[in-house]
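Commentary on secondary and tertiary structure
As a plain string of letters, each chain reads:
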Amino acid sequence: MVGYDPEAKCVSAAEAAAAGSASGLVTRVLVSPLDVLKIRFQLQIEQLSSRNPAAKYHGILQAVQRIFREEGLAAFWKGHVPAQFLSVGFGAVQFMAFESLTELVHKVTSFDARHSFVHLVCGGLAACTATVAVQPVDTLRTRFAAQGEPKIYPNLRHAVVTMYQTEGPQTFYRGLTPTLIAIFPYAGLQFFFYNILQQFSKWVIPAEAKYGASIKDLLCGSCAGVVSKSLTYPLDVVKKRLQVGGFEHARAAFGQVRTYGGFLDCMRQIMREEGPGGFFKGLSPSLLKAAFSTGLIFFWYELFCGLLCALKSPESTKRKEG
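Residues numbered from 1 in each chain as written. Predicted model: local features only at pLDDT ≥ 70, side-chain atom pairs only at ≥ 80, totals over all residues. Heavy atoms only, no water.

Rules: UniProt positions are given in the numbering used here, feature names are shortened, and annotations may be inferred rather than shown by experiment.
An unreviewed UniProt entry annotates the chain as Mitochondrial thiamine pyrophosphate carrier originating from Rhabdornis inornatus. Per UniProt, the chain has the following entry under Catalytic activity (unreviewed entry): "thiamine phosphate(out) + thiamine diphosphate(in) = thiamine phosphate(in) + thiamine diphosphate(out)". Taken verbatim from the UniProt record of the chain, the Sequence similarities (unreviewed entry) comment is "Belongs to the mitochondrial carrier (TC 2.A.29) family."

1. A short note on the UniProt feature "transmembrane region" (unreviewed entry) in the chain
Threshold: Each helix is a run of DSSP H or I of at least 4 residues and each strand a run of E of at least 2, with the numbering of both proceeding from the N terminus.
Here, UniProt's "transmembrane region" (unreviewed entry) annotation points to residues 290–311. With 100% helix and 0% strand, residues 290–311 has its two end C-alpha atoms placed 31 Å apart.

2. Here we look at the packing of aromatic side chains
The line we're drawing: Centres within 6.5 Å make a pair out of two Phe, Tyr or Trp rings, where for Trp the six-membered ring is used; the pair is then stacked when the planes are under 30 degrees apart, edge-to-face when over 60, and tilted otherwise. Summary of the burial criterion: residues with accessible area below 20% of their type's maximum are buried, those above 50% are exposed, and those between are partly exposed, where the area comes from a 1.4 Å probe applied to protein chains only.
One pass over the structure, following the stated rule, counts 13 aromatic pairs. Ring geometry for Phe-95 against Phe-191: centres 6.0 Å apart, planes inclined by 70°, an arrangement best described as edge-to-face. Of this pair, Phe-95 sits in helix 3 (residues 80–108) while Phe-191 sits in helix 6 (residues 176–201); the two residues are 96 residues apart in sequence, bridging distant segments of the chain. On the accessibility criterion, Phe-95 (1% relative accessible area) is buried. A residue is classified by how much of its surface remains accessible, and Phe-191, at 1% relative accessible area, is buried.

3. Quick word on the environment of Gln-147
With respect to the helices and strands, the residue Gln-147 is situated in the loop between helix 4 (116–146) and helix 5 (156–167). Since its relative accessible area comes to 1%, Gln-147 is described here as buried. Along the primary structure Gln-147 and Ala-75 are separated by 72 residues, whereas in three dimensions their C-alpha atoms are 9.8 Å apart.

4. Topic: the packing of helix 3 against helix 4
What counts here: Simply put, an axis is a line fit to the C-alpha atoms, just over the touching stretch for a helix, and the angle between two N-to-C directions goes from 0 to 180 degrees. Comment on the angle field: the value is read as roughly parallel under 35 degrees, roughly antiparallel over 145, roughly perpendicular from 65 to 115, and oblique elsewhere. The crossing is said to be left-handed when, going from far helix to near helix, the turn is anticlockwise and less than a right angle, and right-handed when the turn is clockwise. Throughout, the ten residues Ala, Val, Leu, Ile, Met, Phe, Trp, Tyr, Cys and Pro are labelled nonpolar, Asp, Glu, Lys and Arg are labelled charged, and all others, Gly among them, are labelled polar.
Two numbers describe how helix 3 lies on helix 4: the axes approach to 8 Å, and their chain directions differ by 165°. It follows that helix 3 is roughly antiparallel to helix 4 by the angle criterion. Remark: the crossing between helix 3 and helix 4 carries right-handed chirality. By residue class, the composition of the contact of helix 3 with helix 4 is 20 nonpolar, 7 polar and 2 charged.

5. Overview of helix 5
Because an α-helix packs 3.6 residues into every turn, residues spaced three or four apart end up facing the same way. Applicable threshold: Multiplying 1.5 Å by the helix residue count minus one yields the expected span of that helix. In this context, the arc is that of the directions from the helix axis out to the C-beta atoms.
With 12 residues, helix 5 extends 16 Å between its outermost C-alpha atoms, agreeing within 8% with the 16 Å of an ideal straight helix rising 1.5 Å per residue. Turning to helix 5, its buried residues number three or more, namely Ala-159, Met-163 and Glu-167. Buried positions in helix 5, seen along its axis, are confined to an arc of 20° and lie on one side of it. Every exposed residue of helix 5 that faces more than 90 degrees away from the buried side is listed here: Arg-157 and Gln-165. At the C-terminal side of helix 5, Gly-168 shows a positive phi close to 90°.

Set out below in structure tokens:
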């Protein structure tokens, strides 16, 4: 049900936006702790190893214990409000744009809208559109997740006002260039592999197996998320480093801090000081998050679209009239 299907079209662009935002909301609540871990790891200059005494975080379990001990359980949902705005907005714009783009391809070109390569291109373009729309919220989310105790920003309003007054409006779009460079292949590959895996799974799970279909959506989404994240992860690290530029004072308690002059300067500094491994810091929680979040996004999206289609079916209409 992801993408335009001329043979089974029952979800409008507006309904796709509603299903996408709902799937983003539910998924964000469940994966927020992994997102906080990923961001903390990405922003740490020191090697993620217990052999490095200057490193604050060494691994997933140690980081969980330390964050819980120092900041409490609520720390795993730091930045949750802007993160929810991000997930709801991104999900709505992305799936609405994806449905509209695949429908446009079907109507004005000779390509099959259900083809995997069409999903690759349309998925990337849809994600770029959504990224530009929600980038300010993503920057806010990153800063909230990155700050320790005491907090620099006590609430969302204070963060927006302070950042605007001290750093200017452009600060909300820090890291946009690597984000767009990364999001096109990342999201495109998500839709691409999800489409391929869905086609492959038809050989394994009968179409009439309702329960099996839900599990299939979850597994296909999870695998698509892991593969696409692995291929595009270094750009995500660069984006996070750039998003906390001008925020160095809040990072002092976490170890070394760096100032980057831009996308290429950030890449050069990471390579020089941290080596190739610096581009893959936080990969473990990121892959866990990608597996859970992408799987759940597609799972909930398919589920909500199915519910919308069921409500519009003739049987449902007859029951309402009766």
